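# Chain and residue survey
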Amino acid sequence: MATRTAAARREEARHAYDAFLKECPTGQLLARISDKWVGLVVSALAEADDRTMRYSDLGRRIPGVSQKMLTQTLRSLERDGLVTRTVTPTVPVRVDYRLTELGGSLACLLSSVKLWAENHFDKVSAHRQAYDEAAAAAEQ
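Here goes a summary of the coordinates provided. Just so it is clear, the model here is predicted, and its values are computed rather than measured.

Rules and cut-offs
Residues numbered from 1 in each chain as written. Predicted model: local features only at pLDDT ≥ 70, side-chain atom pairs only at ≥ 80, totals over all residues. Heavy atoms only, no water. Helix = DSSP H or I, 4+ residues; strand = E, 2+ residues; numbered from the N terminus. Rg over C-alpha atoms; globule rule 2.2 N^0.38 Å. Buried < 20%, exposed > 50% of the residue type's maximum accessible area, 1.4 Å probe, protein only. Contact = heavy atoms within 4.5 Å. Areas by Shrake-Rupley, 256 points an atom, 1.4 Å probe, with all protein chains shown as cover. Lys, Arg positive; Asp, Glu negative; His and termini not counted. Charge placed at Lys NZ, Arg CZ, Asp CG, Glu CD. Pairing = 2+ DSSP bridges. Salt bridge = Lys/Arg side-chain N within 4 Å of Asp/Glu carboxyl O. Core = buried A, V, L, I, M, F, W, Y, C linked by side-chain atoms within 4.5 Å. Axes fitted to C-alpha atoms, helices over the stretch in contact; angles between N-to-C directions. Parallel < 35°, antiparallel > 145°, perpendicular 65-115°, else oblique. Nonpolar A, V, L, I, M, F, W, Y, C, P; charged D, E, K, R; others polar.

### What to know about the overall build of the protein chain
- Helix and strand counts for the protein chain stand at six helices and three strands.
- Each helix (α) and strand (β) of the protein chain, taken in turn from the N terminus, gives the series α-α-α-β-α-α-β-β-α.
- In terms of overall size, the protein chain is more extended than a compact globule, its C-alpha atoms giving a radius of gyration of 21 Å where 140 residues would be expected to give roughly 14 Å.
- Based on the C-alpha atoms only, the size of the protein chain along its principal axes is roughly 65 × 55 × 25 Å.
- By the burial criterion, 24% of the 140 residues in the protein chain qualify as buried.
- Long-range pairs, those at least 24 residues apart, make up 43% of the contacts in the protein chain with a sequence separation of at least 6.
- Accessible surface computed for the protein chain: about 10,300 Å², of which carbon and sulfur atoms make up 56%.
- Side chains of the protein chain carry 20 positive and 18 negative charges; the gap between the two charge centres is 5 Å.

Laid out in structure tokens, this is it:
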């Protein structure tokens, strides 16, 4: 068996998509899908009654998201093939967003993370408070 150099092993791993490696392109995808707004947009689209939402509906469903961030998030999701954008030429123009099959496969994961956060926030908050109090006491 031939000995491989460290560089060759890294290159091989990069092609096998090992997200722990700095050079692996999956790191970019992990960064994208771990974004707060991506998780909320994907979850909102997954929870929509007909799985389609208008831009303004998404903005109302996700309080706190600016128009700029919502637009950037939707564009990035469309670029990644997770969301489709459909323009209907009416007055005013109607733009609908829908998860693709690929986006739907991600939605179940992100919706689970959202649900976990909603169900466990009180516990996490209590741990944060206890940690902060212990850290403050240690400083005195």
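### Considerations on the pairing of strand 3 (residues 94-99)
- Here strand 1 (residues 52-54) pairs with strand 3 via three bridges, running antiparallel. Its bridge partner lying in strand 3, M53 is registered against Y97.
- Where strand 2 (residues 83-88) lies against strand 3, six bridges are found, and the strand directions are antiparallel. In the strand pairing of strand 3, T84 is matched with R98.
- In this antiparallel pair of consecutive strands, strand 2 and strand 3, the connection spans five residues.

### Quick notes on the pattern of salt bridges
- Taken as a whole, this structure holds six salt bridges when the rule is applied.
- A salt bridge links E47 to R61, with the shortest nitrogen-to-oxygen separation between them at 3.0 Å. Of this pair, E47 sits in helix 3 (residues 36-47) while R61 sits in helix 4 (residues 55-61); the two residues are 14 residues apart in sequence, bridging distant segments of the chain.
- Within the structure, one salt-bridge network assembled from shared partners comprises E47, R61, K114 and E118.

### Side note on the nonpolar core
- V41, V42, L45, L58, L77, Y97 and L99 are the most contacted members of the largest nonpolar core, which has 23 residues in total.
- Mapped onto this core, the elements with two or more residues apiece are helix 3, helix 5 (67-79), strand 3 and helix 6 (101-139).
- Among residues more than four places away in sequence, those in contact with L45 are R51, M53, L58, V83, Y97 and L99.

### Remarks on unusual backbone geometry
- The omega torsion of the bond from V91 to P92 falls at -5°, within 30 degrees of zero and hence cis.
- By secondary structure assignment, the location of P92 is in the loop between strand 2 and strand 3.

### Focus on the packing of helix 3 against helix 5
- At a minimum axis distance of 10 Å, the contact between helix 3 and helix 5 shows a crossing angle of 75°. On the basis of their axis angle, the class for helix 3 and helix 5 is roughly perpendicular. Residues W37, V38, V41 and V42 of helix 3 touch helix 5, and the partners they reach there are M69, L70, T73, L74 and L77.
- Looking at the contact of helix 3 with helix 5 residue by residue, the classes come out as eight nonpolar, one polar and no charged.

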